[in-house]
Amino acid sequence: MRAERGEERPAPAADAARSRRFPSVTRDTARPEGSGRAVPGAVSTPARQWPMLSVLTATAAGLLATAMGHPRIGCLVIGVALIAASVLRRVLPSVGMLAVRSRFTDMVTYGLLGVAITLLALVIEPKPLLNIPFLETAVRFTVR
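Keep in mind the model is a prediction, meaning the values are calculated, not measured.

S.K.: How should the overall build of the protein chain be read in this particular structure?
M.R.: Counting its regular elements, the protein chain contains 6 helices and 0 strands. Helices (α) and strands (β) of the protein chain occur, in sequence order from the N terminus, as α-α-α-α-α-α. Within the protein chain, buried positions represent 23% of all 144 residues. Taking all contacts inside the protein chain whose residues are at least 6 apart in sequence as the whole, residues at least 24 apart take part in 58%. For the protein chain, the accessible surface area stands at approximately 11000 Å², while carbon and sulfur atoms represent 66% of it.

S.K.: Explain the packing of helix α3 (residues 50-67) against helix α4 (residues 71-91) here, please?
M.R.: Each pair of packed helices can be summarised by the angle the axes make with each other and by the distance between the axes. As a packed pair, α3 and α4 sit with axes 6 Å apart at the nearest point and diverge in direction by 165°. Taken together, the axes of α3 and α4 lie roughly antiparallel to each other. Seen from above, α3 lies across α4 with left-handed handedness. Where α3 approaches α4, its residues Trp50, Pro51, Ser54, Val55, Ala58, Thr59, Gly62, Leu63, Ala65 and Thr66 are matched on the opposing element by Pro71, Gly74, Cys75, Val77, Ile78, Ala81, Ala85 and Leu88. The class makeup of the residues in the contact of α3 with α4 is 13 nonpolar, 5 polar and no charged.

S.K.: What should I look at first to understand unusual backbone geometry in this one?
M.R.: Working note: non-glycine residues mostly have negative phi, and peptide bonds are mostly trans. The backbone phi angle of Lys127 is positive, close to 55°, even though this residue is not glycine. Mapping Lys127 onto the fold places it in the loop between α5 (103-122) and α6 (133-143).

S.K.: Would you mind showing me how to read the pattern of salt bridges here?
M.R.: Side chains bearing opposite charge may pair, as long as their charged atoms lie close to each other. Inspection of every chain in the model, using the stated rule, returns 1 salt bridge. Salt-bridge contacts for Asp106 lead to Arg89; the nearest nitrogen and oxygen are separated by 2.8 Å. Here the residue Asp106 occupies a position in helix α5, and Arg89 occupies one in helix α4, the gap between them amounting to 17 residues. Both residues of the pair, Asp106 and Arg89, belong to the buried class.

S.K.: Explain a nonpolar patch on the surface here, please?
M.R.: Residues Ile83, Val87, Val91, Val115, Leu119 and Leu130 make up a contiguous nonpolar surface patch of roughly 450 Å² in combined accessible area. Among the elements that take part in the nonpolar patch, α4 stands out by supplying 3 residues, more than any other. Its place among the elements puts Val115 in helix α5.

S.K.: What is the right way to read the environment of Val115 from this model?
M.R.: Since its relative accessible area comes to 42%, Val115 is described here as partly exposed. Distance from Val115 to Val80, taken between C-alpha atoms, is 8.0 Å for residues 35 residues apart in sequence.

S.K.: Just to check I follow, could you spell out the nonpolar core for this structure?
M.R.: As a rule of thumb, soluble globular proteins bury nonpolar side chains together. Membership of the largest hydrophobic core is limited to 10 residues, which are Val55, Ile78, Leu82, Ala85, Leu88, Leu92, Val95, Leu98, Ala99 and Tyr110. It is α4 that contributes the most residues to this core, 4 residues altogether.

S.K.: Any chance you could explain α5 here in plain terms?
M.R.: For an α-helix, 3.6 residues make a turn, and residues three or four places apart therefore share a direction. Taking 1.5 Å of rise per residue, the 20 residues of α5 would be expected to cover 28 Å, and the 28 Å separating its terminal C-alpha atoms lies within 8% of that figure. Against α4 lie the buried residues of α5.

S.K.: What is the right way to read the environment of Val87 from this model?
M.R.: Here Val87 lies in helix α4. Sequence separation between Val87 and Gly111 is 24 residues, and the spatial gap between their C-alpha atoms is 8.1 Å.

S.K.: What should I look at first to understand the packing of α4 against α5 in this one?
M.R.: It is at 8 Å that the axes of α4 and α5 come closest, and there the two elements cross at 160°. Taken together, the axes of α4 and α5 are roughly antiparallel relative to one another. Judged by the twist between their axes, the crossing of α4 over α5 is left-handed. Across the interface between the two elements, Arg72, Cys75, Leu76, Ile78, Gly79, Val80, Leu82, Ile83, Ala85, Ser86, Arg89 and Arg90 from α4 touch Arg103, Asp106, Met107, Tyr110, Gly111, Leu113, Gly114, Val115, Ile117, Thr118, Ala121 and Leu122 from α5.

S.K.: So what exactly am I meant to see when it comes to the environment of Leu64 here?
M.R.: Position of Leu64 relative to the elements: it lies in helix α3. A C-alpha to C-alpha distance of 7.2 Å links Leu64 and Gly74, two positions 10 residues apart in sequence.

Thresholds, definitions, all that
- Residues numbered from 1 in each chain as written.
- Predicted model: local features only at pLDDT ≥ 70, side-chain atom pairs only at ≥ 80, totals over all residues.
- Heavy atoms only, no water.
- Helix = DSSP H or I, 4+ residues; strand = E, 2+ residues; numbered from the N terminus.
- Buried < 20%, exposed > 50% of the residue type's maximum accessible area, 1.4 Å probe, protein only.
- Contact = heavy atoms within 4.5 Å.
- Areas by Shrake-Rupley, 256 points an atom, 1.4 Å probe, with all protein chains shown as cover.
- Axes fitted to C-alpha atoms, helices over the stretch in contact; angles between N-to-C directions.
- Parallel < 35°, antiparallel > 145°, perpendicular 65-115°, else oblique.
- Left-handed = near helix turned anticlockwise from the far one by under 90°.
- Nonpolar A, V, L, I, M, F, W, Y, C, P; charged D, E, K, R; others polar.
- Salt bridge = Lys/Arg side-chain N within 4 Å of Asp/Glu carboxyl O.
- Patch = residues over 30% accessible without salt bridge, like charges linked within 9 Å, V, L, I, M, F, W, Y side chains within 5 Å.
- Core = buried A, V, L, I, M, F, W, Y, C linked by side-chain atoms within 4.5 Å.
- Expected span 1.5 Å × (residues − 1).

Given below as structure tokens:
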């Protein structure tokens, strides 16, 4: 109706420039908090993404150890890599592609997965390094 009366409506970009409030309708996804480069742009790309590359390298080493017949060591390495990712996400202001969602969500996700995989590595048969009493009963109950 404004256009019929000859009044022009300002562009959405102009509205956004005037107001610092979030728009009522989301048109795009926001970047995660720490998704910037971990190192300034003058450095080569692998060096800028060192947090993600270090976690991926440790995870690859764990997978390789598992494939070579050492599942306990491999799972421990993967679990520790995920716990390290959680610590890196907490400590560093910018972690590159290691940032997926908000800092809190990334820390909790990486941390819980890392602890779960580490605990599973410690209870792997034969000769588990950690004995959880109710676990044997739970396995018997579910396998029956």
